[in-house]
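The primary structure of each chain is shown beneath.
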Amino acid sequence: CPAPAGHGIKFMRTDCSSEIAMIEAKWSNVEISPLCTKLVNSFGISVKTIEHVLAALAGCGVNNAIVEIDGSEAPILDGSARPFAIEFIRSGLVHSSERLKVIRILEEVAFETNSGWAKLYPCDEPWMSFHIEFKDSIIGIQEKSVSLSNGSFVRELCDSRTFCRNSDIEKMWANGLALGGTFENAVVVDGDEVLSPGGMRYKDEAVRHKMLDALGDLCLAGAPVIGHYVGHCAGHAITNGLLQVLFSAPETFEYVECNQKLHDI
């Protein structure tokens, strides 16, 4: 649903009373959850697996919206952000006369765990680079770097689907995730095989989807980030940790009004 300038992105649980239903899409509302991004408001109302719809919003240039949802988990659809992006573009966007504020990275920011790391570097436009390593031979080592400007999200990333090992499915179900999951809405791999019909959409679909997830998680900064995000085996928790480091160090970034040069990016 449309929202006025300065509103940001908020989720509204339509199955809850209106007094407690709103959840702001903000990094500080993240509750670390395995395998997905989960937001919780001060009343304990939550919504999870929202990274794909957030990626589609960010990738289509939507900065103000109310996302109505009638349950605690966003629909998986085909496992990518494409169905959301298609409908946003089809519905049309309203351009606000109020200038958008963006976050410009001034100094390197980093967050690291035993499993991977993510960094933000100063850059004149939004860029993303990602590296993954999986034991499954069908995925293996993949890396990709792409500008996130001029609609490249729609062309390069939005149709890349979530992926998992066949052995992980029962673990996800036990955690209350992907309860509607089938081979039709995720790329399920088993060693050197792709079990999902039709196989991969891209040879490097896995790293593309990791980039899609990272863009959705970066959306929780509350404003577009002008900088170069670099992820190495990074997941949702690492990107959220990166945002925590960023906002704890105000000297590393600045808010600037989106001028014509930034708008043209």
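All of the points below concern the structure found in this document. Computed from a predicted model, the values in this text were never measured in an experiment. (Residues numbered from 1 in each chain as written. Predicted model: local features only at pLDDT ≥ 70, side-chain atom pairs only at ≥ 80, totals over all residues. Heavy atoms only, no water.)

Let's shift gears to the sheet that holds strand β8 (residues 117-121). Overall, mixed pairing links the 5 strands, which are arranged β7-β8-β15-β9-β10 in an open sheet. The open sheet terminates on both sides in strands that have one partner only, identified here as β7 (109-112) and β10 (141-147). The mean angle between the axes of side-by-side strands here comes to 5°, regardless of whether they run parallel or antiparallel. The strands touched by helix α6 (residues 236-247) within the sheet are β7, β8 and β15 (228-232), with β7 carrying the most contacts at an inclination of about 140°. (Pairing = 2+ DSSP bridges. Helix = DSSP H or I, 4+ residues; strand = E, 2+ residues; numbered from the N terminus. Axes fitted to C-alpha atoms, helices over the stretch in contact; angles between N-to-C directions. Contact = heavy atoms within 4.5 Å.)

Turning our eyes to something else, we now look at the nonpolar core. The nonpolar side chains of a soluble globular protein tend to be buried, and buried together. Of all hydrophobic cores here, the largest spans 61 residues; its most connected members are Phe11, Leu39, Leu54 and Tyr229. Counting residues per element, this core draws most heavily on helix α5 (residues 205-218), which supplies 7 residues. Contacts of Leu39, omitting those with residues within four sequence positions, involve Phe11, Ile23, Glu24, Ala25, Lys26, Asn29, Val30, Ile45, Ser46, Val47, Ile50 and Leu220. (Core = buried A, V, L, I, M, F, W, Y, C linked by side-chain atoms within 4.5 Å. Buried < 20%, exposed > 50% of the residue type's maximum accessible area, 1.4 Å probe, protein only.)

One non-glycine residue, Leu77, lies in positive phi territory at about 55°. Tracing the chain through its elements places Leu77 in the loop between β5 (65-69) and α2 (82-91). Classification of Leu77 as partly exposed rests on a relative accessible area of 40%. Located in the positive-phi region is Cys233, a residue other than glycine, with phi close to 50°. Tracing the sequence through the fold places Cys233 in the loop between β15 and α6.

Attention now goes to the pattern of salt bridges. Going through the model one piece at a time under the given rule, you end up with 11 salt bridges. Residue Arg82 is joined to Asp78 by a salt bridge in which the shortest nitrogen-to-oxygen separation is 3.8 Å. Classification of Asp78 by relative accessible area gives buried; the value is 14%. Across the pair Glu156 and Lys144 runs a salt bridge, and its minimum N-O distance is 3.5 Å. Taken together, the positions of Glu156 in helix α3 (residues 152-157) and Lys144 in strand β10 put the pair 12 residues apart, joining distant regions of the chain. Three or more residues joined by partner-sharing salt bridges are found here, namely Lys144, Glu156, Asp204 and Arg208. (Salt bridge = Lys/Arg side-chain N within 4 Å of Asp/Glu carboxyl O.)

Glancing now at the sheet that holds strand β14 (residues 225-226). Pairing in this open sheet of 3 strands is mixed, and the strands run β14-β6-β16 from one edge to the other. Either end of the sheet is taken by a strand with one partner, and the two such strands are β14 and β16 (253-257). Relative to β16, strand β6 (residues 101-105) runs antiparallel, the two being bridged by 5 bridges. Paired with Ile103 across the strands is Tyr255, a residue of β16.

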